[in-house]
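Per-entry structural report
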Amino acid sequence: MDDINLHYRFLNWRRRIREIREVRAVRYKERLKRMLRDGDILRYHGNSDEVGCFVAARPLSRRNRYFEVTIVDTGVRGMIAVGLVPQLYKLDHQPGWLPNSVAFHADDGKLYDGNTMGQQFGPKCCRGDRIGCGVSLDSNDGQLTVFFTKNGKEVGSVEIPASPEALHPAVGMHSLGEEVLLDLNAEWGMEEDDGQMIVDSHEEDWGRLHDVKVTGTLLEYVGKGKSIVDVGLAQARRPLNTRFHYYELEITDAGEKCYIALGLARRDYPKNRHPGWSRGSIAYHADDGKLFQGSGVGDAFGPRCFEGDIMGCGIMFPRDFNPDGGDDVDDWDLDVFPKPCEVQNDLYANNEEEEEEEGGEGEDLEGRKVMVFFTRNGKVVGRREVALPLGGFYPTIGMMSTGEKVRVDLHPLSG
């Protein structure tokens, strides 16, 4: 009976995730007209008589509240606009021309706030200049504060009525040859004497970081990337629980090799081991689509993942699951998985001494069995029943090649 109930719960999980993805597929779809996008490059593709406009797939939010555009070429007239618009904005109008939109225009340095009559706002922008746009965290009282920057320095801000519609990053162009470099993952920093201070870094979400830089919800690998001991590891501060039982990452840059792993691990997991390689962990690896569970030998599991793909991992807890101690896990005992009796691949068999140290002496402890599942772009790839460490399973992400970046959402099913 328990197996039947678990099966139906798993089917419900799959349906729920699919429904969420279907909604997001409609909600989060970029739009562009008379523009060509090649990676992060946007180019005007019209005849200079008509406006071209790009609207990003995802709106700005508290976690991702700023973006930048670097002018690669001003073209004939340099009529480039950077700002915020509703998702269904008319693409034959420059950002800022229509109600509920606002934009800074590079050719005249004017601010356009919902009409075609601009007001003097800042300096004109030329080739090589970097224009930024963001929303303030201090916005309240039905007003939204939108600010603009040029080359990392704030130009000014404007308060607009908070719209029920989310505001999406937008870029407009209006003459031949115009071209910009788009950075939707940019973070707003304020220059200080002691260097750059990143606002809203979200470092508090992470309990352990090794060779990984946190910028907002973006994780970036900053290790050497030369060998398998150069793993970068990010482990969340809190384990998955019955309330927050699923998390996701989006591969924003696959780097050189896309050695990105998403999974779960015990709290004291070794910092230079990919999730899944050592005991007390399980992970889905993007580069080869294999599942690793406490061993350097992976099993064929799902498709490979590439830039733009969204990988997810969650736990299906038993209905009667009630961990002692609630959310406070600081005093919980920690668990490790028994090491599988398999011959390791030579690629990973480099840390035998470390494996012995982490195992310690005495008998390993095993917790209750739970079902761990993985997703790719909203579809369940597979599942595996594992023993839950008594200290809980912590979201853990590994990276290992230069240039790798992922955007993480630790609570995608909440709210």
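Each chain carries its own residue numbering, running from 1 in the direction its sequence is written. For a predicted model such as this one, the threshold for reporting local features is a pLDDT of at least 70, and the threshold for listing and counting side-chain atom pairs is 80 or more; totals across whole chains, interfaces and linings nevertheless cover every residue. For side-chain calculations, the full set of non-hydrogen atoms in the structure is used, while hydrogens and water are omitted.

**So, the packing of aromatic side chains**
- The aromatic pairing rule takes the rings of Phe, Tyr and Trp, using the six-membered ring of Trp, and pairs them if the centres are within 6.5 Å, calling planes under 30 degrees apart stacked, those over 60 edge-to-face and the rest tilted. Enumeration over the complete set of coordinates arrives at eight aromatic pairs.
- Seen from their ring centres, Tyr 284 and Phe 301 are 5.6 Å apart, and the 70 degrees between their planes marks the pair as edge-to-face. Residue Tyr 284 is found in strand E23 (residues 281–285), and its partner Phe 301 is found in the loop between strand E25 (299–300) and strand E26 (310–316); the two are separated by 17 residues along the sequence.
- Residue burial is assigned from relative accessible area. The probe radius is 1.4 Å, only protein chains are included, and a residue is buried under 20% of its type maximum, exposed over 50%, and partly exposed in between. In this structure Phe 301 comes out as buried when scored by relative accessible area, which is 17%.
- One aromatic cluster is present, built from ring pairs that chain together Phe 104, Phe 121 and Phe 148. Here a strand is any run of E in DSSP of at least two residues, a helix any run of H or I of at least four, and the numbering for each starts at the N terminus.

**With respect to the sheet that holds strand E17 (residues 206–210)**
- Taken in spatial order, the seven strands make up an open sheet running E17-E20-E29-E22-E23-E24-E25, and their pairing is antiparallel. The sheet is open, and its two edges are formed by E17 and E25, each paired on a single side.
- Think of it this way: DSSP has to see at least two bridges between two strands before they count as a pair. Bridge analysis of E23 against strand E24 (residues 290–293) gives three bridges, and the strand direction is antiparallel. Pairing of Tyr 284 across the sheet is with Leu 291, part of E24.

**Some points on the state of the cysteines**
- To count as a disulfide, a pair of cysteine sulfur atoms needs to be within 2.5 Å. Under the criterion given, the structure shown has zero disulfides.
- The closest cysteine sulfur to the non-disulfide-bonded Cys 126 is located on Cys 125, 7.2 Å from its own sulfur.
- Accessibility expressed as a relative area gives 46% for Cys 126, which makes it partly exposed.

**A few points about the side chain of Ser 48**
- Position of Ser 48 relative to the elements: it lies in the loop between strand E3 (41–44) and strand E4 (52–55).
- Whenever a nitrogen or oxygen atom comes within 3.5 Å of another N or O atom, the pair is scored as a polar contact, on the condition that within protein one atom can donate a hydrogen and the other can accept it, and that pairs from neighbouring residues in sequence are kept only if both atoms are in side chains. A polar atom in the side chain of Ser 48 sits 2.9 Å from the backbone nitrogen of Leu 176.
- A contact between two residues is defined here by any heavy atoms of the two lying within 4.5 Å. Residues in contact with Ser 48, not counting those within four places in the same chain, are Arg 77, His 174, Ser 175 and Leu 176.

**Quick notes on the sheet that holds strand E5 (residues 66–74)**
- The strand order E2-E3-E14-E5-E10-E11-E12 describes an open sheet built from seven strands, whose pairing is antiparallel. Two strands close off the open sheet at either side, each with one partner strand: strand E2 (35–38) and strand E12 (153–161). Adjacent strand axes in the sheet meet at a mean angle of 20 degrees, parallel and antiparallel pairs treated alike.
- With six bridges connecting them, E5 and strand E14 (residues 178–183) associate as antiparallel partners. Note on E14: the bridge partner recorded for Ile 71 is Val 180. Only the stretch in contact is used when a helix axis is fitted, and all axes are lines through C-alpha atoms; the angle between N-to-C directions ranges over 0 to 180 degrees.

**Some points on the nonpolar core**
- For this analysis, a nonpolar core means a set of buried residues of the types Ala, Val, Leu, Ile, Met, Phe, Trp, Tyr and Cys, connected via side-chain atoms within 4.5 Å. With 38 residues, the main nonpolar core has Leu 219 and Val 372 as its most contacted residues.
- Apart from the residues lying within four places of it in its own chain, the contact partners of Leu 219 are Trp 206, Val 212, Lys 213, Val 214, Ala 234, Ile 397, Met 399, Glu 404, Lys 405, Val 406 and Val 408.
- Counting residues in each nonpolar core, the second largest holds 31 residues, with Ile 80, Phe 104, Ile 160 and Val 171 among its members.

**What about the confidence of the model for the protein chain?**
- Values of pLDDT, which run from 0 to 100, indicate the predictor's confidence residue by residue. Summary statistics for the protein chain give a mean pLDDT of 82 and a share of 77% for residues scoring 70 or more.
- Here residues 190–200 scores under 50 on pLDDT; set against residues more than four positions off or in separate chains, the count is 17 contacts.
- Here residues 324–365 is a poorly scored stretch, pLDDT under 50, and it has 84 contacts once near neighbours within four places are set aside; other chains count.

**Quick look at the pattern of salt bridges**
- For this document, the term salt bridge refers to a Lys or Arg side-chain nitrogen within 4 Å of an Asp or Glu carboxyl oxygen. The final tally for this structure, using the stated rule, is ten salt bridges.
- Notably, a salt bridge pairs Lys 150 with Asp 129, separated by 3.7 Å at the nearest N-O pair. A residue pair is termed long-range when its members are at least 10 positions apart, and Lys 150 in strand E11 (residues 143–150) and Asp 129 in the loop between strand E9 (119–120) and strand E10 (130–135) qualify at 21 residues.
- According to the relative accessible area criterion, Asp 129 is buried, its value standing at 12%.
- Here Asp 299 ties to Arg 384 by a salt bridge, and the two come within 3.9 Å at their closest N and O atoms. With Asp 299 in strand E25 and Arg 384 in strand E28 (residues 379–387), this pair connects stretches of sequence that are 85 residues apart.
- The class of Asp 299 is partly exposed, set by a relative accessible area of 33%.
- Residue classification places Arg 384 among the partly exposed residues on the basis of a relative accessible area of 25%.
- Taken together, the shared-partner salt bridges connect Glu 30, Arg 37 and Asp 40 into one network.

**Here we look at the pairing of E28**
- Alignment of strand E27 (residues 369–376) against E28, held across eight bridges, turns out to be antiparallel. Looking at E28, one finds that Met 371 is bridged to Glu 385.
- Once E27 ends, the chain turns through two residues before running back antiparallel as E28, passing Asn 377 with a positive phi of about 50 degrees.

**Description of the pairing of E2**
- Bridge analysis of E2 against E3 gives four bridges, and the strand direction is antiparallel. Considered in E3, the bridge of Asp 38 is made with Ile 41.

**Concerning unusual backbone geometry**
- At Asp 211, a residue that is not glycine, the phi angle is positive and equals roughly 55 degrees.
- Of note, Asp 211 is situated in the loop between E17 and strand E18 (212–215).

**Focus: the environment of Glu 165**
- For Glu 165, the position within the fold is in the loop between E12 and strand E13 (167–173).
- Relative accessible area serves as the criterion here: at 41%, Glu 165 is assigned to the partly exposed category.
- For the pair Glu 165 and Pro 86, spaced 79 residues apart in sequence, the C-alpha separation works out to 6.1 Å.

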